[in-house]
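Each chain, written out:
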Amino acid sequence: MRMSCHGCRVLRKGCNDNCTIRPCLQWIKSTDSQANATLFLAKFYGRAGLINLIEAGPQRLRPAIFRSLLYEACGRIVNPVYGSVGMLWSGNWAECQAAVDAVLKGLPIVSTPSSSDVPAPHLISSLNTHDIRHVSRHQNSPELRKVKSRTRFKRSMPNSLAEPTVRLNPGRVGI
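Residues numbered from 1 in each chain as written. Predicted model: local features only at pLDDT ≥ 70, side-chain atom pairs only at ≥ 80, totals over all residues. Heavy atoms only, no water.

As recorded by an unreviewed UniProt entry, the chain carries the name LOB domain-containing protein 38 and is attributed to Salix purpurea. Looking at the chain in UniProt, the text filed under Sequence similarities (unreviewed entry) is "Belongs to the LOB domain-containing protein family." (UniProt positions renumbered as here; feature names shortened; annotations may be inferred.)

Turning our eyes to something else, we now look at the overall build of the chain. Looking only at helices and strands, one finds nine helices and zero strands in the chain. Along the chain direction, N to C, the helices and strands of the chain fall in the order α-α-α-α-α-α-α-α-α. The 175 residues of the chain split such that 29% are buried. Look at the contacts in the chain between residues 6 or more apart in sequence, and 53% of them connect residues 24 or more apart. (Helix = DSSP H or I, 4+ residues; strand = E, 2+ residues; numbered from the N terminus. Buried < 20%, exposed > 50% of the residue type's maximum accessible area, 1.4 Å probe, protein only. Contact = heavy atoms within 4.5 Å.)

Turning to the packing of aromatic side chains, a few remarks are in order. Here the structure, examined in full by the defined rule, presents three aromatic pairs. Taking 6.3 Å as the distance between ring centres and 25° as the angle between the ring planes, the aromatic pair formed by Phe 40 and Phe 44 counts as stacked. One end of the pair, Phe 40, and the other, Phe 44, are both in helix 2 (residues 31-45), four residues apart, so they sit about a helical turn from each other. Seen in terms of ring centroids, Tyr 71 and Trp 93 are 5.5 Å apart; in terms of plane orientation they differ by 10°. Their pairing is stacked. (Phe/Tyr/Trp six-rings, centres within 6.5 Å; stacked < 30°, edge-to-face > 60°.)

Another point: helix 6 (residues 93-105). Compared with an ideal rise of 1.5 Å per residue, which puts 13 residues at 18 Å, helix 6 spans 18 Å between its outermost C-alpha atoms and is within 8% of the ideal. Three or more residues of helix 6 are buried, namely Glu 95, Cys 96, Ala 99, Val 100, Ala 102, Val 103 and Leu 104. Of the residues one or two after helix 6, Gly 106 is the one with positive phi, at around 85°. (Expected span 1.5 Å × (residues − 1).)

Scanning the model with the defined rule gives one salt bridge in all. For the salt bridge of Glu 72 with Arg 76, the shortest nitrogen-to-oxygen distance reads 2.7 Å. Pair noted here: Glu 72 and Arg 76 are both in helix 4 (residues 62-78), with a separation of four residues, about one helical turn. With relative accessibility at 32%, the residue Arg 76 sits in the partly exposed group. (Salt bridge = Lys/Arg side-chain N within 4 Å of Asp/Glu carboxyl O.)

Positive phi is not limited to glycine here, since Arg 12 has a value of about 55°. When you line up the elements, Arg 12 lands in the loop between helix 1 (6-11) and helix 2.

What follows covers the confidence of the model for the chain. The predicted model of the chain averages 77 in pLDDT, with 62% of residues at 70 or higher. Across the chain, the element-wise mean pLDDT spans from 46 in helix 8 (residues 121-127) up to 94 in helix 4. Per-residue pLDDT stays below 50 along residues 121-132; that stretch engages in six contacts with residues further than four places along the chain or on separate chains. (pLDDT = per-residue confidence, 0-100.)

Packing of helix 2 against helix 4 leaves a shortest axis separation of 10 Å and a crossing angle of 65°. As helix 2 runs across helix 4, the sense of the crossing is left-handed. Contacts between helix 2 and helix 4 involve Ala 37, Thr 38, Phe 40, Leu 41, Phe 44 and Tyr 45 on the former and, on the latter, Phe 66, Leu 69, Leu 70, Glu 72, Ala 73, Cys 74, Arg 76 and Ile 77. Residues that form the contact of helix 2 with helix 4 fall into these classes: eleven nonpolar, one polar and two charged. (Axes fitted to C-alpha atoms, helices over the stretch in contact; angles between N-to-C directions. Left-handed = near helix turned anticlockwise from the far one by under 90°. Nonpolar A, V, L, I, M, F, W, Y, C, P; charged D, E, K, R; others polar.)

Here's what the structure looks like:
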């Protein structure tokens, strides 16, 4: 009989020979770190969500999926808008790595607000996209500052339809 892996033990899940989590934890040396990483991901994605995400991939890619989920979850904690990919693009990968190291040690993730809140210069240009469908063709047009209000109906209803002409009394039929 095999003992439960540290991931299954933390999740209070039965572990067997074809365990989904056991191969994913082999890259983590310490047993406490394995438990910390699994618990963090289970809190972030949910226990069933974590298992489903890992099982969605082929057997050979499951350790990489686990590691990717760990880095993305840590990246989203540090920088909720851009995540780990944004941190890599902006040159803040060291913060993401520090968050992963903190999770493996069982420490809280500490983010520095100065670099996490400000996107990289090359990401700012993609944020300043504009929708030109509602901009007037003429720059000094009076339509530019005018707010259009919409009514509830496109056309007003005639008075004959506004109030019913025949009133029915529910107690009398045929009158």
